[in-house]
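# Summary of the model geometry
Spelled out, the chains give:
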Amino acid sequence: MPKDIKLAKNAGFCYGVKRAVETAKKLKAENPDRNVFVLGELIHNTQVIRELEALGIKTLTDIPEKGEGICVIRSHGESPEVIEKIKQAGFEPVDLTCPDVKKVQQKAVELAKEGYYVVIVGKSEHPEVIGIRANAALYTDKVVVASSVDKLKNLEHDLKSHKKIGVVVQTTQRITTLTPIVEYLTSIAKELHVENTICASTSKRQAEAKELAQNSDLMIVVGSKKSANTTHLAEILKGITTTIHIENDEELKNYDDLVQKSKKISITAGASTPQEVIEKVIKSL
Ligand code: SF4
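Residues numbered from 1 in each chain as written. Predicted model: local features only at pLDDT ≥ 70, side-chain atom pairs only at ≥ 80, totals over all residues. Heavy atoms only, no water.

## Topic: empty space enclosed by the protein
Left-over empty space is what a probe sized like a water molecule reveals as it rolls over the atoms. In total, this model carries 1 cavity of 30 Å³ or more according to the counting rule given. There is about 320 Å³ of room inside the largest cavity. Lining of the largest cavity is provided by 26 residues; of these, Val 17, Ser 75, His 76, Thr 172 and Asn 229 occupy positions nearest its centre. Elements that contribute at least two residues to the lining of the largest cavity include exactly helix H1 (15–30), helix H4 (99–113), helix H9 (200–214) and helix H10 (228–238). Its residues assigned to classes, the lining of the largest cavity shows 10 nonpolar, 12 polar and 4 charged. (1 Å grid on protein atoms, 1.4 Å probe; cavity = no way out; pocket = protein on both sides within 12 Å on 5 of 7 lines; lining within 4 Å. Points joined across faces, edges and corners; volume = space filled by probe spheres on them. Helix = DSSP H or I, 4+ residues; strand = E, 2+ residues; numbered from the N terminus. Nonpolar A, V, L, I, M, F, W, Y, C, P; charged D, E, K, R; others polar.)

## Side note on the packing of aromatic side chains
Here the structure, examined in full by the defined rule, presents 1 aromatic pair. Measuring from centroid to centroid gives 5.6 Å for Phe 37 and Phe 91, while their planes differ by 75°, and the two rings are edge-to-face. Taken together, the positions of Phe 37 in strand E2 (residues 36–39) and Phe 91 in strand E5 (residues 91–95) put the pair 54 residues apart, joining distant regions of the chain. Like Phe 91, Phe 37 is buried. (Phe/Tyr/Trp six-rings, centres within 6.5 Å; stacked < 30°, edge-to-face > 60°. Buried < 20%, exposed > 50% of the residue type's maximum accessible area, 1.4 Å probe, protein only.)

## Considerations on the sheet that holds strand E4 (residues 69–73)
The 4 strands are arranged E3-E2-E4-E5 in an open sheet whose pairing can be described as parallel. Strand pairing shows two members of the sheet lacking a second neighbour, strand E3 (57–60) and E5, which therefore form its edges. Strand after strand, the sheet turns through a mean of 30° between neighbouring axes, direction not considered. Bridge count between E2 and E4: 3 bridges; the pairing is parallel. When the sheet's bridge partners are listed, Val 36 is paired in E4 with Ile 70. Contacts from helix H3 (residues 80–89) reach E2, E4 and E5 within the one sheet, and its direction differs from that of E5 by about 145°. (Pairing = 2+ DSSP bridges. Axes fitted to C-alpha atoms, helices over the stretch in contact; angles between N-to-C directions. Contact = heavy atoms within 4.5 Å.)

As structure tokens, this is what we get:
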């Protein structure tokens with residue numbers, strides 16, 4: 001069957017990820033004799049991590065007691081405590097936190113300083129959220145992470161007795177996660193301040209993919225299963241049309257039947273998916 005294959009314009013690396021990968025490579029090129037480490041995987045993509053390793057840029061899973069050289073803070077950001085530990089160990093930290101993530105950290109700090117009960121909408125175990133929380137927690141003990149209304153309902157008494165509630169959002173969250181939380185807080189708060197900090201790159205990517213999905217028999221989302229923004233993208237699209245989330249062209253082979261019977265196929269990809277991986281999927285199709 002002839003196929004109509006479309007690729008989303010907003011597929012693949014966002015500017016925050018691109019900036020982190022390019023700067024890490026530049027740091028190594030400019031400092032060939034120094035160690036260049038990244039704390040945690042720079043991006044959720046095995047191929048890119050291998051490429052960085054081949055250039056001599058190593059991933060640290062933990063901060064050792066003693067070390068030397070450069071230690072990169074990835075686009076997700078870190079807590080002030082972790083940055084301090086990096087320095088204490090003897091590394092020179094280079095902060096590549098995405099400016100959009102920095103903005104959320106700053107907003108959370110402002111809200112905390114102004115006496116708001118800080119609600120962070122997102123996944124509590126996500127590194128970006130851990131960093132945002134830790135920044136706000138320097139100024140208040142009234143800070144909670146929630147990805148659903150239920151979590152907040154357990155704190156209803158505490159939230160109600162606090163006069164002001166301030167909300168920030170993990171940059172890659174779905175708007176449909178934020179909306180019911182805001183609706184619930186509106187019903188219990190005396191004063192509510194909402195900062196919609198979902199980043200522009202995520203919003204654009206999600207909006208374009210939704211539009212494509214409406215006119216597609218099959219949506220293919222390419223990217224790591226560990227990537228929050230890629231997983232959210234697939235979740236959104238599943239509600240609109242048949243959607244598969246694959247990490248690479250190899251995985252596409254598991255969906256041969258589905259591909260065969262679909263005429264209109266559209267492809268999108270997460271913020272940490274390299275162009276080559278997307279191209280291989282298209283070629284395979
Ligand atoms: S998804 Fe948004 S916040 Fe995250 S790195 Fe990319 S541009 Fe920055």
